[in-house]
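# Structural description and commentary
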Amino acid sequence: MSLRADPTLISEIERFGAADVSACFNCGNCTAICPLSKGETVFPRKVIRYLQLGLTEKLEASPEPWLCYYCGECSETCPREANPGEIMMATRRWLISRYDWTGIARKLYTSKVWEVGLTLAVSLFVVLLFVLFHGPMLTDRVSLNTFAPVKWVEYGDWIMAATLSFFLLTNAWRLRRFVMGDVRAGPSIYLSEISTFLSHAMTQKRWRECDHSRMHWLKHFLLVTGYATMLILIMVLLRWFQTDGWNVTSLFGYYATAVLLYVSADMMIGRLRKRHEIHRHSHPTDWMFLILLFLTSLTGILVHLLRMGGMPVPTYVMYVIHLAVAVPMLVVEVPFGKWAHLLYRPLVIYLVTVKAKAKSTVEATETVPVTT
Amino acid sequence: MNSEEVKIGVYICHCGGNISDKVDVEKVAEDAGNLPDVTVSRTYTFMCADPGQELIVEDIEKHGLNRIVVASCSPSLHETTFRSAVVRGGLNQFLYEHVNIREQVSWVHASTGEATAKATTLVRAAIARVRHHEPLSLIRVGATSRALVLGGGVAGLRAALDLAVYGLPVTIVEKSSRLGGQVAEFGTVFPTGESGAELVRTLVRDVSALEEITVLTGARVTGATGYVGNFTVMVEQERGDGSTEDLEIPAGAVIVATGSRPYEPDMGEFGFGQFPEVVTLPDFIQILNETRADGDLTVNGKMIRRAAFIHCVGSRQIEGIQKPKPGRPLNENCSRICCTATLKAESDLIEKFPGVFVYDLYRDIRTYGRNHEEIYERASRDGVSFLCYEPATPPVVTMAAPDDTGNLLITVKDNLTAGMEIEVAVDLVVLAVGMEPADVGPLAESLKLPAGADGFLQEVHPKLRPVEMAVAGVVLAGTCQSPRDIEESCASASAAAVKVAGLLTRGHVDLEPYVARVNADRCEGTGICLSQCEYDGALKIVESVIDGRAIRKAVVNEALCTGCGACVAVCPTRAIDINGWTLDQFEAMVDAMCADPVEVASD
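Being a predicted model, the structure only gives us computed values, none of them experimental.

Turning our eyes to something else, we now look at the overall build of chain A. From N to C terminus, chain A includes 19 helices and 1 strand. Taking 372 residues into account, the globule formula puts the C-alpha radius of gyration at 21 Å, and chain A, at 23 Å, falls close to it. Reported as C-alpha extents along the three principal axes, the dimensions of chain A are approximately 80 × 60 × 35 Å. Expressed as a percentage of its 372 residues, the buried residues of chain A come to 38%. A fraction of 73% describes how many contacts in chain A between residues 6 or more apart in sequence connect residues 24 or more apart.

In structure tokens:
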């Protein structure tokens, strides 16, 4: 069965931030230099080739874009300066939009108006909720839990988590279908490889195989620990964490905030200075992601400081601002934006292992000699 | 000379170690030194170097040598070197004999014993032969001071202009009604981007300005006779009223610049002739040039949005995959210009119609010339999508479904995508056709111009004598010799012009003396020799009356004889011989080789 070439895919992927796909003349230097390209999953050349010819289905089924951590060695050595690293990045953005059945991800990636508009809309919605439903604003002392009772905020948390999980998981289900194709794997295979998923999700250990990226990996790992800590604090431990007094959870909050502020600031500086290949090219969505993360952390710690400083109204206002930043970041970025990679990357690595195992099982079964 | 005592000098060259590493040169020299009449037998590191040549000169003077043998490399490298040393020593240059013990001995034999024995044998044969050498003279004949250039394309025009600089009259014979050939129709040409028509206009203007150059358009060569310096070319020229005029043009030399023609694909080859949307590159260039940039690019009334270019159509053909056309060999050569021309046409197309998407299906991209790679890169940057096919699985062009995005569907196994079969829907397929030699016409037949297996005219030696033909006085310019671009065609045309100028500006030509000679005492006038002679006018039978008896004798025209020796082989009375290659000499060589075989020493 032959594959149909589609010349429109190049211009499509260029809308997701790939600058010069045509410049590539398929020499394969990028694949040769890539420390992660090996075995059955070789890239970036193959991915770029699919793009050039417009082999949409091949590309959708490709796990390769998620196996790249963008160390940038390929872009540094490309003889045509075709920037394979950034093409892989753009392909990941495009894939996120392909997995997403709602069409929102595509709108966010291809339109700044949509991206800013949707973020602002969610922000305003949060502000509106507070305007309409906030509790009494005590001014004689700081009482955040009177202004925004933790019980209600917790309900809000869970509704939000359920919403974004719904979108993220349905999209992930589509990812699974794309990547697995017609390979059937039984539940036992899925279960037996679950540790692969967990270890990669938690450590991103594959990234450490990149030659020049140890520092980037370490910073990213710190960020993940900060992010995970904060997630647990607000999803599980909020009734202790959002206190008007002092609780031991605050110590974890300090750690998470410090890490999130430091790493997101460092990443923004990196993108401004463009010293490393990984930060040389910035799509508007890259900035949006970092700015929201930085502002969420900043406003979070400001709420804490204002509360400790005994300033009731500024505390309440800052709290509203904090949620007006944090909520859209989570609702928009996690299922439809860059943050989807926290699930997609380990999921794809996991599925590649599952697929290989399923295939070898089938082969082993097929090669068993028939005896009578 | 017969009365004089023969004194032979033999020189065995080491050629650094090229010869002496494999051949025991001292042993060869010693063997030669023991043969009768050999006065001097030496070895030397580099005979071709000045001290080596001086050895010969000094020995001739000191020992009174009158025959010289040098055993060294190929005669095509250094025979003339040693001949001139012999002349400096005061001898006739044809008293020299050259033995090749490098290419034919040391480089091709593994065993020292065998190599030494073979070298010894060859040197013995050369000594036997050189003993019979006689002083010979070059044959000098007068030369017509006019060159004829066959073909009025860029190569012919360039050659005519370069010849006219020497004040030599030139006649250009062009079969079509205008000058300029194919280049006039190429649009802009790579790598400079100049207009082909403009290039031709410049050349034609310069040609018209020179009174030395006569141009005959609408003129065909119908035949030719003669030899270097003295050709007569018969030309039939159309006149305005439809009648023709026959002309005879005397010429001292002929430059063949008959050019090439684009390969015409077979019916159904990549859909050619089957679908009107499949066209050749020259046709496409014409379509593109004739379409206004603000209009629509259409072929056969259909708008072109996607186009595919297929390389190597009618070039680099492989036996078993492609079939030759009737009466033609397979075009196994690379046509050299089509890669760059195709990539340029793709960029030109995109530049003029930016909405058109272009696929390029190639076997290999060979943008070999200076500034050609930039054209490849430009096409790539312009967004051309490349697919690479194997010769055994060429793209297949079929009709697309009516509701498809293009009229035609190309299916190809793409090497760049792991050999996957890719389908491309397009509105136009352009075939990058190769070059075939144009018909040279009756001139080739009349003058027996040699052509290679590919049908292109053949030079004497691609490196050492790249523009001369084996037929003296006929030189090659442009694509009649092999596929090449305009730059290369004009370079070869200028080289051809200089060759002809060197020949004709002296007013005479010197021919090698290796021609037939008749021993009148033995000749009985049988005429058998004449029946075997391939070269018109080289031999004739002359009748004369001596002492009242009619006597028939063969007579050689030295200017027309090529020294092939066919006559020698058939003469029943051994009355005819080739100067410098007599039957006596061959017999002496055979005797020297066979009488007392050289023993092969074990290694």
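Attention now moves to the domain arrangement of chain A. All names here are of chain A. On domain assignment, one finds that chain A holds domain 1 (8–99) and domain 2 (104–359). Between the C-alpha centres of domain 1 and domain 2 there is a distance of 27 Å. Opposite the 24 residues of domain 1 that make contact, domain 2 presents 29 residues. Mapped by element, the contributors of at least two residues to the side of domain 1 that touches domain 2 are helix 5 (64–67), helix 6 (73–77) and helix 7 (84–99). Broken down by element, the side of domain 1 that touches domain 2 gets its largest block of residues, 6 residues, from helix 7.

What follows deals with the pairing of strand 6 (residues 147–150) of chain B. Residue and element names in this part refer to chain B. Across the two faces of strand 6 the burial is the same, with A147 and V149 and L148 and L150 all buried. With 4 bridges joining them, strand 6 and strand 7 (residues 170–173) adopt parallel strand pairing. The partner of A147 across the bridge, within strand 7, is V170. One crossover worth recording links strand 6 to the parallel strand 7 by way of helix 6 (residues 154–164), and it is right-handed. Across 4 bridges, the pairing between strand 6 and strand 14 (residues 253–256) is parallel. Looking at the pairing, V149 lines up with I255 of strand 14.

Here we come to the sheet that holds strand 12 (residues 230–238) of chain B. All names here are of chain B. Read from one edge of the open sheet, 3 strands run 11-12-13, paired in antiparallel fashion. Among the strands making up the open sheet, the edge pair consists of strand 11 (219–227) and strand 13 (244–251). For this sheet, the mean angle separating the axes of adjacent strands, direction not counted, is 15°.

Attention shifts here to the interface of chain B and chain A. Chain B puts 14 residues into the contact, and the matching count from chain A is 12 residues. Counting residues per element, the ones that place at least two in the side of chain B that touches chain A are helix 10 (373–381) and strand 24 (420–426) of chain B. Taken together, the residues of the side of chain B that touches chain A break down into 5 nonpolar, 5 polar and 4 charged. With 2 bridges connecting them, strand 1 (residues 3–4) of chain A and strand 24 of chain B associate as parallel partners.

With the exception of glycine, most residues fall at negative phi, and the peptide bonds are largely trans. Look at the link from F43 of chain A to P44 of chain A: it is a cis peptide, with omega at 5°. A cis amide bond, omega -10°, links F190 of chain B with the succeeding residue P191 of chain B. Located in the positive-phi region is Y70 of chain A, a residue other than glycine, with phi close to 60°. Take Y70 of chain A: it is sitting in the loop between helix 5 and helix 6. What makes Y70 of chain A buried here is the crowd of 21 C-beta atoms within 10 Å. Of note, the phi angle at D547 of chain B is positive, near 50°, even though the residue is not glycine. Along the chain, the position of D547 of chain B falls in the loop between strand 30 (539–546) and strand 31 (549–556).

What follows covers the packing of helix 5 (residues 112–130) of chain B against helix 15 (residues 583–594) of chain B. All names here are of chain B. It is the contact of helix 5 with helix 15, at a shortest axis distance of 8 Å, that shows an interaxial angle of 145°. Between helix 5 and helix 15 lies a crossing whose hand is right-handed. Taken together, the residues of helix 15 that come into contact with helix 5 (itself represented by T121, R124, A125, I127, A128 and R129) are Q585, A588, M589, D591, A592 and M593. Residue composition of the contact of helix 5 with helix 15, grouped by class: 7 nonpolar, 2 polar and 3 charged.

So, on to the sheet that holds strand 23 (residues 408–414) of chain B. Pairing in this open sheet of 4 strands is mixed, and the strands run 1(A)-24(B)-23(B)-22(B) from one edge to the other. Lying at the two open borders of the sheet, with one neighbouring strand each, are strand 1 of chain A together with strand 22 (396–399) of chain B.

This paragraph deals with the confidence of the model for chain B. Across chain B, pLDDT averages 94, with 100% of residues at or above 70. The ipTM value of the predicted complex is 0.82, and its pTM value is 0.79.

Residue and element names in this part refer to chain B. Counting 225 residues, the largest nonpolar core has A147, A159, A160, I255 and V429 as the members making the most contacts within it. Once you skip the residues sitting within four places of it in the chain, A147 turns out to touch L163, L168, V170, A251, G252, A253, I255, V500 and L504. Counting 43 residues, the second largest nonpolar core, distinct from the first, contains I68, V69, L95 and A128.

What follows concerns the packing of helix 17 (residues 284–308) of chain A against helix 18 (residues 312–336) of chain A. All names here are of chain A. Packing of helix 17 against helix 18 leaves a shortest axis separation of 8 Å and a crossing angle of 155°. With respect to helix 18, the axis of helix 17 lies roughly antiparallel. In the packing of helix 17 onto helix 18, the handedness of the crossing is left-handed. On the side of helix 17, the interface is formed by F289, L292, L293, L295, T296, T299, G300, L302, V303, L306 and R307, while helix 18 contributes P314, T315, M318, Y319, I321, H322, V325, A326, M329 and E333. Of the residues belonging to the contact of helix 17 with helix 18, the class tally is 14 nonpolar, 5 polar and 2 charged.

Another point: the environment of T39 of chain B. Following the sequence through the fold, T39 of chain B ends up in strand 2 (residues 38–44). When the C-alpha positions of T39 of chain B and I172 of chain B are compared, they lie 57 Å apart, and in sequence the two are 133 residues distant.

Residues and elements named next belong to chain A. Its 22 residues give helix 9 (residues 112–133) an end-to-end C-alpha distance of 31 Å, which sits within 8% of 32 Å, the value for a rise of 1.5 Å per residue. By the burial criterion, the buried members of helix 9 are E115, T119, S123 and V126. Taken end-on, helix 9 shows its buried residues confined to a sector of 55°, consistent with a single buried face. Along helix 9, the residues that are exposed and aim more than 90 degrees away from the buried face are V113, L120, A121, L128, V131, L132 and F133. On its buried face, helix 9 sits against helix 8 (104–110), helix 17 and helix 18.

A separate point is the domain arrangement of chain B. Residues and elements named next belong to chain B. One can read the domain layout of chain B as domain 1 (1–136 + 580–603), domain 2 (147–259 + 438–509), domain 3 (264–284 + 307–427) and domain 4 (514–579). Computed from C-alpha atoms alone, the centre-to-centre distance between domain 1 and domain 4 is 32 Å. Here the residues of the side of domain 1 that touches domain 4 are counted per class, giving 3 nonpolar, 2 polar and no charged.

The share of residues in chain A with pLDDT of 70 or more is 98%, and the mean pLDDT across the chain is 92. The element-level mean pLDDT for chain A is lowest in helix 19 (residues 341–366) of chain A, coming to 89, with helix 7 of chain A highest at 96.

With that settled, the discussion passes to the environment of G218 of chain B. Residue and element names in this part refer to chain B. Turning to its location among the elements, G218 is positioned in the loop between strand 10 (213–216) and strand 11. With 14 residues separating them in the primary sequence, G218 and T232 have C-alpha atoms 19 Å apart. Setting aside anything within four residues of it in sequence, one finds G218 in contact with S177, Q237 and E238.

This part takes up the environment of L199 of chain B. Residue and element names in this part refer to chain B. Tracing the sequence through the fold places L199 in helix 7 (residues 196–209). Under the C-beta neighbour-count criterion, L199 is labelled buried, with 21 such atoms within 10 Å. In this structure, the C-alpha to C-alpha distance between L199 and V154, residues 45 residues apart in sequence, is 8.4 Å. Those residues in contact with L199, other than ones at most four positions away along the chain, are V154, V183, V189 and E194.

Definitions and limits used
- Residues numbered from 1 in each chain as written.
- Chains lettered and ligands numbered in written order.
- Predicted model: local features only at pLDDT ≥ 70, side-chain atom pairs only at ≥ 80, totals over all residues.
- Helix = DSSP H or I, 4+ residues; strand = E, 2+ residues; numbered from the N terminus.
- Rg over C-alpha atoms; globule rule 2.2 N^0.38 Å.
- Buried ≥ 20, exposed ≤ 12 C-beta atoms within 10 Å, placed from the backbone.
- Contact = placed C-beta atoms within 7 Å.
- Domains from an automatic or database assignment.
- Pairing = 2+ DSSP bridges.
- Right-handed = clockwise from strand over helix to strand, strands pointing away.
- Axes fitted to C-alpha atoms, helices over the stretch in contact; angles between N-to-C directions.
- Nonpolar A, V, L, I, M, F, W, Y, C, P; charged D, E, K, R; others polar.
- Left-handed = near helix turned anticlockwise from the far one by under 90°.
- pLDDT = per-residue confidence, 0-100.
- Core = buried A, V, L, I, M, F, W, Y, C linked by C-beta atoms within 7 Å.
- Parallel < 35°, antiparallel > 145°, perpendicular 65-115°, else oblique.
- Expected span 1.5 Å × (residues − 1).
- Arc of directions from axis to C-beta.

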